[in-house]
2 protein chains.
Amino acid sequence: MQVATTIYAPIEERLARVEHSLKAMPEIRSDFLAKLLSHVFDTVGKRTRPALTLLSSSFHDHDHRVTEIMATAVEALHIASLVHDDTVDSSSVRRGRATLNSLWGRNAAVLAGDYIFAKSATYVCDTGDIRVIRRFSETIMELSTGELQEMSEAYNGAQTMEQYLERIYNKTASLFTTACQSGAILSGAPEKQVAALKEYGYNLGMAFQIMDDILDFEASEEDVGKPVGNDLSHGTITLPVIIALRQQSEANPILALFDSPEDASSLSLAVEFILGSSAIEESYAVASDYCRAARRQLDALPDTPARASLEELVAYVNAMRA
Amino acid sequence: MQVATTIYAPIEERLARVEHSLKAMPEIRSDFLAKLLSHVFDTVGKRTRPALTLLSSSFHDHDHRVTEIMATAVEALHIASLVHDDTVDSSSVRRGRATLNSLWGRNAAVLAGDYIFAKSATYVCDTGDIRVIRRFSETIMELSTGELQEMSEAYNGAQTMEQYLERIYNKTASLFTTACQSGAILSGAPEKQVAALKEYGYNLGMAFQIMDDILDFEASEEDVGKPVGNDLSHGTITLPVIIALRQQSEANPILALFDSPEDASSLSLAVEFILGSSAIEESYAVASDYCRAARRQLDALPDTPARASLEELVAYVNAMRA
């Protein structure tokens, strides 16, 4: 599913400048590093996060260069985290392109990811705003904490909804929050609007990750490039799994899968069990609650094309089903 | 060889507070991450880099908390880079302790390193000085660039002295420079002294890395915990190697080693060749030049116990031989 182009209409030119800055990142002395960076920055993403920064900055007149730098940093940080995630997961393909780790090895991918993290932080320094710089570093901490939690909590059928929500905040909603909050701060928005856009980003990010976790069960490999139940097969316990485990504590096919994760038929039995239960619909209801909460925050903002785009983004996330 | 305790005398109490802050870093919500961090921060290092920050800050009255935060960040950054280096090199022991990657796997080590990088950056934000924050992020970029250069330039016998010097600046002297420069800036030193301490750190760092590269040939496994010629056996071309390659371009045992790196006798032949040449003494002369340049910068500073310690550190590096 593609983001409707109308959503980005109010920031089209600005997003093009951000895209240009991203493409310019590999212009550095080291040939080897330049080659690695070119490969990563040539990949075309949905650019959701920098769009959030630019849209959130659109409610006040300000020096656009500052928020475009911020949007560039936000996307670079996202890309750095994808490079390390793909390395940790030994993924070979991302958005139809071979990953860094598959082409140049894990070691080069670890170091190139480090470089992009640091480069994104130097970009944020150019905004000159210490509050934003600090929040950005905290976001990098939260991203790595989320990935570590996913690793340490894998195959643990006893984990709680609270653990899941904390993990997806760290993994996903943290950067959505930072993208919106920093755009608002750097545009000179009053604190009430900064708080509303921060809450909007938080709720949109939580909804986005829950929908993504639902798609792991609902979407075919053709839709999302990953086999059905891919997260579950790696022991990652998402919201549908937590709900389905709660519904049947004995002889649950999910626990049987965790006992013999190598067995392909265990995976399909567990997926069938989840799809046959009410877990997907209940998960969707939780995601929709977050979407509504995101939508409500927009009432604090004037009715502009940027606000309409932020509303459309909520609708997009709420409809992210296969 | 241990750093003489007299060198740290002027900053003993302050360094103890930095040590305390480092030990407190694992106090966080995630149990798994806390376990990883405790393991890393319990290791006792020489604390050369935070000592440089504190000594460099000692020439002007200022709020000591700010420079202690900076010293903590500098050491945390060093530790983060060691975690990733050990992961990339698949090292199993560091300073007599098992590495994170050997105990909890490479993936956990990559993510824990990311967390520590980001945590060190949030510390620097607490200094409130954007110039220092920016320089710190650039240092992370330089550290990862240096490691990538080491990787891409391995086994390349045609590399130049210039490439070597750029690489050891990135790998080592960059952080020495930042440690000294940030201590000076945050103590409120005038720009002339900031420049002198920055140059001091740069030259000391270059000398330190060259001496370390000489020790790869001169020191026994008992001295440094690594077999003789360890860097060379991984194709890392250091100053003694570049000089020895220049002295004999045909039938050079180093090139024979690069042709068959798995052959143990090739390694000992190459090491013997280097030790039998003038390459070690010539490398030592280059390191001593950097030491003298570092020493000269101290003339710009008043004659205090801190300056005496910085002088002693130069003497220590200049005498870092097996």
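Residues numbered from 1 in each chain as written. Chains lettered and ligands numbered in written order. Predicted model: local features only at pLDDT ≥ 70, side-chain atom pairs only at ≥ 80, totals over all residues. Heavy atoms only, no water.

### Quick word on the relation of the copies chain B and chain A
Here is the rule: Only residues with pLDDT of at least 70 in both copies count here: their C-alpha atoms drive the least-squares fit that superposes the copies.
The operation relating chain B to chain A is a screw motion whose rotation component is 180 degrees, with 0.0 Å of axial translation and a residual RMSD of 0.0 Å. Here the transformation between the copies is reduced to the relation of a two-fold axis.

### Some remarks on helix H7 (residues 130-152) of chain A
What counts is decided by this rule: Helix and strand labels come from DSSP, where a helix needs a run of H or I of at least four residues and a strand needs a run of E of at least two; each type is numbered from the N terminus. Given the number of residues in a helix, its expected span is that number minus one, multiplied by 1.5 Å. A simple rule labels every residue: compare its accessible area, found with a 1.4 Å probe on the protein chains alone, to the largest value its type can have, and call it buried under 20%, exposed over 50%, or partly exposed in between.
Between its terminal C-alpha atoms H7 of chain A stretches 33 Å, which fits the 33 Å expected from 23 residues at 1.5 Å a residue. Across the 23 residues of H7 of chain A, 17 count as buried, placing the element largely inside the fold.

### Concerning the confidence of the model for chain A
The following threshold applies: Per residue, pLDDT measures the predictor's confidence, with a range of 0 to 100.
In the predicted model, chain A carries a mean pLDDT of 93, and 98% of its residues have values of at least 70. Confidence estimates for the predicted assembly give a pTM of 0.93 and an ipTM of 0.90.

### Side note on the state of the cysteines
Here is the rule we go by: The criterion for a disulfide is a pair of cysteine sulfur atoms lying within 2.5 Å.
Applying the stated rule across the entire model yields 0 disulfides over all chains. The thiol of Cys125 of chain B is unpaired, and the distance to the nearest cysteine sulfur, on Cys125 of chain A, comes to 7.3 Å.

### A short note on the packing of aromatic side chains
Geometry of an aromatic ring pair is reported as the spacing of the ring centres plus the angle between the planes. Residue and element names in this part refer to chain B. Worth spelling out the cut-off: Centres within 6.5 Å make a pair out of two Phe, Tyr or Trp rings, where for Trp the six-membered ring is used; the pair is then stacked when the planes are under 30 degrees apart, edge-to-face when over 60, and tilted otherwise.
Here the structure, examined in full by the defined rule, presents 8 aromatic pairs over all chains. Taking 5.3 Å as the distance between ring centres and 35 degrees as the angle between the ring planes, the aromatic pair formed by Phe176 and Phe208 counts as tilted. Taken together, the residues span a long stretch of sequence, with Phe176 in helix H8 (residues 161-186) and Phe208 in helix H9 (residues 191-218) at a distance of 32 residues. Residue Phe176 is classed as buried on the basis of its relative accessible area, which comes to 0%. Using a relative accessible area of 12% as the deciding quantity, one classes Phe208 as buried.

### Observations regarding the pattern of salt bridges
Inclusion rule: In the sections that follow, a salt bridge refers to a side-chain nitrogen of Lys or Arg positioned within 4 Å of a carboxyl oxygen of Asp or Glu.
Tallied over the entire structure, the rule returns 36 salt bridges over all chains. Taking the shortest distance from any N to any O, the salt bridge between Glu311 of chain A and Arg295 of chain A comes out at 3.5 Å. Taken as a pair, Glu311 of chain A in helix H16 (residues 305-318) and Arg295 of chain A in helix H15 (residues 279-297) lie far apart in primary sequence, 16 residues in all. Given the relative accessible area of 24%, Glu311 of chain A is considered partly exposed. Look at the salt bridges and you will find they share partners, linking Asp126 of chain A together with Arg134, Arg135, Glu138 and Glu142 of chain B into a network.

### With respect to unusual backbone geometry
All names here are of chain B. Look at Arg47: it is not a glycine, yet its phi comes out positive at around 60 degrees. Mapped onto the fold, Arg47 is located in the loop between helix H2 (31-41) and helix H3 (48-56). A residue is classified by how much of its surface remains accessible, and Arg47, at 5% relative accessible area, is buried. With phi around 50 degrees, Ser90 is a residue other than glycine that occupies positive phi space. Mapping Ser90 onto the fold places it in the loop between helix H4 (64-88) and strand E1 (93-94).

### Re helix H6 (residues 106-125) of chain A
Relative to the 28 Å expected for 20 residues at 1.5 Å per residue, H6 of chain A spans 29 Å between its end C-alpha atoms, a close match to the ideal helical length. Of all the 20 residues making up H6 of chain A, 18 are buried; the element is thus mostly covered by neighbouring parts of the structure.

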